[in-house]
Amino acid sequence: MWIGGTLALLLVVGCASAWYLYNRFNNNIEKYDVGIENDYQSDEAVNLLFIGTDTRDGSGNDSYGGDASEGADTTVLMHFSKDRTHATGLSIPRDLITDIPDCEVRQEDGSTITVPGSQDVRFNQSLGTDGRDPGCVWRTVEELTGVSINHFMMADFNAVKDLSTAVGGVPVCVSEPIDDPKSGLQLDAGRHELQGEEALSFVRTRYSVGTGSDLSRIELQQQFLASMARQITERDLLSSLGSFYDLADAATKALAVDTGIGSIDKLYGLASEVGRVPMSDMAFVTLPVVDNPDEPEGAKATVVVDEGRAQPIFEMLQQDISMTAEEGEGSGGEGGEGGDAEQEPEMAPAEEVRVDVYNGGNVMGAAQVTLDWLQNDQGVLLSTNKGNAPAPQAETTLEYGPDQADQAATLADMMGLPDSALKEQSEDAGEAPMSLILGDDFQGAGQPIEVPAERPADVDSITADDEDVCAS
C-alpha cells in the first residue's frame, strides 16, 4: 500500500502534464473523513497506518478464508524518521486481544455517531464491527503504542492482485513446499515470482506455514511487501508508458485514505518525504505477543501483548530510534563499549534477595500483586507485603544498605528499575530486608518502570533490501 500510495504517485505527478490523467488518478482515490487532523511537518517524523481489510468484493475473493468481513485483517504502523534516514514497520496481529476506545464515525449525511469502545476484544474488530471506520483503527493503534499517527492508507484484496500484476510480479521464497487448501496456494520449495490470484493466495496463507497462525502469515506479508518495494524501485517501470499507466492506475484505485492526504498533490508531498528512506534502513518487525492466558490449553486462538518485549519497541518508535542501527551506535545494544561494566556489583541469587514491599502509589493492591510475582515467577521467597507506605510518592524507590548492593542489583534488573530509583543508605543493613516502595510510576508486576529504547535480542526483523529472506 505504501508502495502504491507513495512511490507510484510520485511518478504520476512527475508526468501528469495531461490534465485528464491527473483527474483520472485523483478521482480513483477513495477518501474518509475520520475526524482527526494531525498532518506531518517536513522536520518531524511521519507515522503512517496501513490497513489491509478483509473485504472480499471482486471476482474470486469470496473463496478466501470463509465468511467475508471488513475487519482490520492486516495492520502495519510505519514510522519514518525525522531525518528520513530510517523507517520501521510494526505489524499488529489481527487476533491480538486489546481495548478499542470510543470513536466518532461520520455518516453519509454528514452527521457523526460515537461508537462505544470495547474491552478485551480482537484487534480485528477495530474496523467494521458496530460500524467502526479506519479512524477507530487509528485511535486503537495510538492507544496501544503511544505513537501519534499522521495519516492512514487502506486497501483490500483486489489491491494485492492488481499491484502485484502492475509491477510485473513479486519475487518470494519459501524454504518448504506449501499446499494450503484454505488459500489455494501450492508452491514448491524455492523462489517464485507471484502476481494476481497467486500473489493474494501467498499473503493469505497461514495454515500451511510455520505455526499455522496469523503470526506466520505476517512473516509472509512482510517478505512480500519488502519485495514489492524493491520491484518498484529497481525495475525500470518508467521506460514503458503502458507499465507506468498500469502501475499508477492500479495504485490509485487500490487506495482509501484520510482526507488529509486525499489528493494527488498531497500524496506527492508525502511521497517526496518518505521516499528518501533507503531500503537498507527500512525494517519490518512484528509486535511481540504471547498466547492469551485466559484461553484453555489446546484451544489457543488469540494472543496478548508481551509487555516486557513490546514496550522497548514502542519506546524506539516514540523516540525515533532506528531498528537497523548497528549495535553500539547509540542504540544501547550489546555492541556498546560498556566502560563502567567492571564497576557494576555482582548480582545475588534470587533466593537470597530479602525485601519488604510497600504500596506508595495509586494502584490498589500493587504490593500484593508484586509480591505474588516475585515469589511465584522470580523465586524471591524472602519477600514480604508490608501494605501501604508511610506516605504516597510519585516514583518507585528501593532503599538498601551498602552490604545489599548485590541484592539491589538483582531486584532492579528483575523489575526494570531506573538508576534514580536506587537509594543506597549510609550504613550496612545486616539482616534487615531492603525496602521497595512502589510509586505512581508503577505499571504492573514484571513491567519495567524504565523501558530501554532498544530492540529486544529475541525479536527478529527484516529489511526491505534483504533478498535472502525465505519463509519457513
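Residues numbered from 1 in each chain as written. Predicted model: local features only at pLDDT ≥ 70, side-chain atom pairs only at ≥ 80, totals over all residues. Heavy atoms only, no water.

K.L.:
With reference to specific residues and values, describe the state of the cysteines.
P.N.:
Enumeration according to the criterion identifies 2 disulfides in this entry. At a sulfur-sulfur separation of 2.0 Å, the disulfide partner of Cys103 is Cys136. Judged by the sign of its S-S torsion, about 70 degrees, the bond between Cys103 and Cys136 is right-handed. One end of the pair, Cys103, is in strand E6 (residues 103-106); the other, Cys136, is in helix H3 (residues 134-145), with 33 residues separating them in the sequence. The exposure class of Cys103 is buried, given its relative accessible area of 2%. If the cysteines joined by disulfides in the protein chain are listed in sequence order, their pairing comes out as 1-2, 3-4. (Disulfide = S-S within 2.5 Å. Helix = DSSP H or I, 4+ residues; strand = E, 2+ residues; numbered from the N terminus. Buried < 20%, exposed > 50% of the residue type's maximum accessible area, 1.4 Å probe, protein only.)

K.L.:
So what about the environment of Pro349? Which residues, and what values?
P.N.:
For Pro349, the position within the fold is in the loop between helix H9 (307-318) and strand E18 (354-359). Taking the C-alpha atoms as reference points, Pro349 and Gln407, 58 residues apart in sequence, are found 7.8 Å from one another.

K.L.:
Describe the packing of helix H4 (residues 157-166) against helix H5 (residues 196-204), with residues and values.
P.N.:
Their axes nearest at 8 Å, the elements H4 and H5 cross at an angle of 125 degrees. By the criterion of interaxial angle, the relationship of H4 to H5 is oblique. The handedness of the crossing between H4 and H5 is right-handed. Judged by residue contacts, Phe157, Val160, Lys161, Ser164 and Thr165 of H4 engage Gly196, Glu197, Ala199, Leu200, Val203 and Arg204 from H5. Considered class by class, the residues forming the contact of H4 with H5 number 5 nonpolar, 3 polar and 3 charged. (Axes fitted to C-alpha atoms, helices over the stretch in contact; angles between N-to-C directions. Parallel < 35°, antiparallel > 145°, perpendicular 65-115°, else oblique. Left-handed = near helix turned anticlockwise from the far one by under 90°. Contact = heavy atoms within 4.5 Å. Nonpolar A, V, L, I, M, F, W, Y, C, P; charged D, E, K, R; others polar.)

K.L.:
Help me get a handle on the packing of aromatic side chains, residues and values and all.
P.N.:
In total, this model carries 3 aromatic pairs according to the counting rule given. Relative to Phe152, the ring of Trp138 lies with its centre 6.4 Å away and its plane at 70 degrees, an arrangement referred to as edge-to-face. Here the residue Trp138 occupies a position in helix H3, and Phe152 occupies one in strand E9 (residues 151-155), the gap between them amounting to 14 residues. A single burial state applies to Trp138 and to Phe152, both of which are buried. Through a chain of ring-to-ring contacts, the aromatic side chains of Tyr32, Trp138 and Phe152 assemble into a single cluster. (Phe/Tyr/Trp six-rings, centres within 6.5 Å; stacked < 30°, edge-to-face > 60°.)

K.L.:
Can you lay out the environment of Thr205 for me, pointing to particular residues and giving the numbers?
P.N.:
Mapped onto the elements of the fold, Thr205 is located in the loop between H5 and helix H6 (214-234). Sequence separation of Thr205 and Leu220 is 15 residues, and the distance between their C-alpha atoms is 8.0 Å. When residues no more than four places from it in sequence are discounted, the contact partners of Thr205 are Ile178, Asp180, Ser183, Leu185, Arg217 and Leu220.

K.L.:
Go over a negative patch on the surface with me, naming the residues and quoting the values.
P.N.:
A surface patch of like charges, here negative, comprises Asp99, Asp120, Glu143 and Asp294. When you line up the elements, Glu143 lands in helix H3. (Patch = residues over 30% accessible without salt bridge, like charges linked within 9 Å, V, L, I, M, F, W, Y side chains within 5 Å. Areas by Shrake-Rupley, 256 points an atom, 1.4 Å probe, with all protein chains shown as cover. Salt bridge = Lys/Arg side-chain N within 4 Å of Asp/Glu carboxyl O. Lys, Arg positive; Asp, Glu negative; His and termini not counted. Charge placed at Lys NZ, Arg CZ, Asp CG, Glu CD.)

K.L.:
Requested: an account of the pairing of strand E4 (residues 87-92), with residues and values cited.
P.N.:
Here E4 lies mainly inside the structure; 6 of its 6 residues are buried. With burial as the criterion, each face of E4 is covered, one bearing Ala87, Gly89 and Ser91 and the other bearing Thr88, Leu90 and Ile92. Hairpin connection from strand E3 (residues 72-80) to E4: 6 residues lie between these consecutive antiparallel strands, with Arg84 at a positive phi of about 60 degrees. In the sheet, E4 pairs with strand E15 (residues 282-286) via 5 bridges, with the strands oriented parallel. Its bridge partner being in E15, Leu90 is matched across the sheet by Val285. (Pairing = 2+ DSSP bridges.)

K.L.:
Which residues make up the environment of Asp265, and what values go with them?
P.N.:
Within the secondary structure, Asp265 sits in helix H8 (residues 264-274). Classification of Asp265 by relative accessible area gives partly exposed; the value is 46%. Taking the C-alpha atoms as reference points, Asp265 and Asn26, 239 residues apart in sequence, are found 8.9 Å from one another.

K.L.:
Summarise the packing of H5 against H6; cite the residues concerned and give the values.
P.N.:
At a closest axis distance of 7 Å, the pairing of H5 and H6 adopts a crossing angle of 135 degrees. On the basis of the axis angle, H5 is oblique to H6. In this structure, H5 uses Ala199, Phe202, Val203 and Arg204 to contact H6, whose residues at the interface are Arg217, Leu220, Gln221, Gln223 and Phe224. Residue composition of the contact of H5 with H6, grouped by class: 5 nonpolar, 2 polar and 2 charged.

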